[in-house]
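A look at the structure
If you want the building blocks of each chain, they are given just below.
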Amino acid sequence: MTVNHASVLTKDYFIAYLKLIMNSREYTLIQAKEFAFDFFFKGDMDRYGPSTWLQFEKAIKEIDKTMCKIEMCKLQSSTSS
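A brief structural summary. Quick caveat, the model's predicted, so the values are computed rather than measured.

Attention shifts here to the packing of helix H1 (residues 11-25) against helix H2 (residues 29-39). Their axes nearest at 9 Å, the elements H1 and H2 cross at an angle of 115 degrees. As judged from the angle between their axes, H1 and H2 are roughly perpendicular. The handedness of the crossing between H1 and H2 comes out as right-handed. Here H1 contributes Tyr 17, Leu 18, Ile 21, Met 22 and Arg 25 to the contact with H2, which in turn contributes Leu 29, Ala 32, Lys 33, Phe 35, Ala 36 and Phe 39. In terms of residue class, the contact of H1 with H2 is made up of nine nonpolar, no polar and two charged.

Next comes the structure, spelled out in C-alpha cells:
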C-alpha cells in the first residue's frame, strides 16, 4: 500500500490494512497490530504524525469491537441449540 506522507491516513485505510494482514498471514488482531507497528510504522508511532496514529488506534478498536460481536453471536447460537 502506497503512503502519502503529506496526508493523514484514515481509520478505514487501517481497517483494510489490518484485515489484509490478519487474513493473509492468519494473524490475530494483536499480532497484526504488532506487525503493523514494526513494519508500517517502523517502531515509531510518530512516523506519520499523531493524527495518523490516532486513526490506527481507532481502526484497532473498531475491528476488536466487531470481532467481539461476532464471537458473542457464535457463543449465543451455540448455547441456544
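There's more to say after this.
This part takes up the packing of aromatic side chains. The description of two aromatic rings rests on the distance between their centres and on the angle between their planes. Counted by the stated rule, this structure contains 16 aromatic pairs. A centroid spacing of 5.8 Å and a plane angle of 75 degrees characterise the contact between Phe 37 and Trp 53, whose relative ring orientation is edge-to-face. With Phe 37 in helix H2 and Trp 53 in helix H3 (residues 50-80), this residue pair connects regions lying 16 residues apart in the sequence. Look at Phe 40 and Tyr 48: their rings are 5.0 Å apart centre to centre, the planes differ by 40 degrees, and that puts the pair in the tilted class. Of the two residues, Phe 40 and Tyr 48, neither departs from the other in class, the shared state being buried. The structure contains a cluster of three or more aromatic residues connected by ring pairs, namely Tyr 13, Phe 14, Tyr 17, Phe 37, Phe 40, Phe 41, Tyr 48, Trp 53 and Phe 56. Looking at Lys 42, its charged tip hangs above the ring of Phe 39, at a distance of 4.9 Å from the centre.

A separate point is the environment of Glu 62. With respect to the helices and strands, the residue Glu 62 is situated in helix H3. Glu 62 sits 47 residues away from Ile 15 along the chain, and the two C-alpha atoms are 8.0 Å apart. When near neighbours in sequence (up to four residues on either side) are disregarded, Glu 62 contacts Lys 11 and Ile 15.

Of all hydrophobic cores here, the largest spans 20 residues; its most connected members are Phe 14, Leu 18, Phe 40, Phe 41 and Phe 56. Elements supplying a minimum of two residues to this core: H1, H2 and H3. In terms of residues, this core owes the most to one element, H1, which gives seven residues. Once residues within four sequence positions are removed from consideration, Phe 41 is found in contact with Phe 14, Ala 36, Arg 47, Tyr 48, Thr 52, Trp 53 and Phe 56.

Rules used in this analysis
- Residues numbered from 1 in each chain as written.
- Predicted model: local features only at pLDDT ≥ 70, side-chain atom pairs only at ≥ 80, totals over all residues.
- Heavy atoms only, no water.
- Axes fitted to C-alpha atoms, helices over the stretch in contact; angles between N-to-C directions.
- Helix = DSSP H or I, 4+ residues; strand = E, 2+ residues; numbered from the N terminus.
- Parallel < 35°, antiparallel > 145°, perpendicular 65-115°, else oblique.
- Left-handed = near helix turned anticlockwise from the far one by under 90°.
- Contact = heavy atoms within 4.5 Å.
- Nonpolar A, V, L, I, M, F, W, Y, C, P; charged D, E, K, R; others polar.
- Phe/Tyr/Trp six-rings, centres within 6.5 Å; stacked < 30°, edge-to-face > 60°.
- Buried < 20%, exposed > 50% of the residue type's maximum accessible area, 1.4 Å probe, protein only.
- Lys NZ or Arg CZ within 6 Å of the ring centre and 35° of its normal.
- Core = buried A, V, L, I, M, F, W, Y, C linked by side-chain atoms within 4.5 Å.

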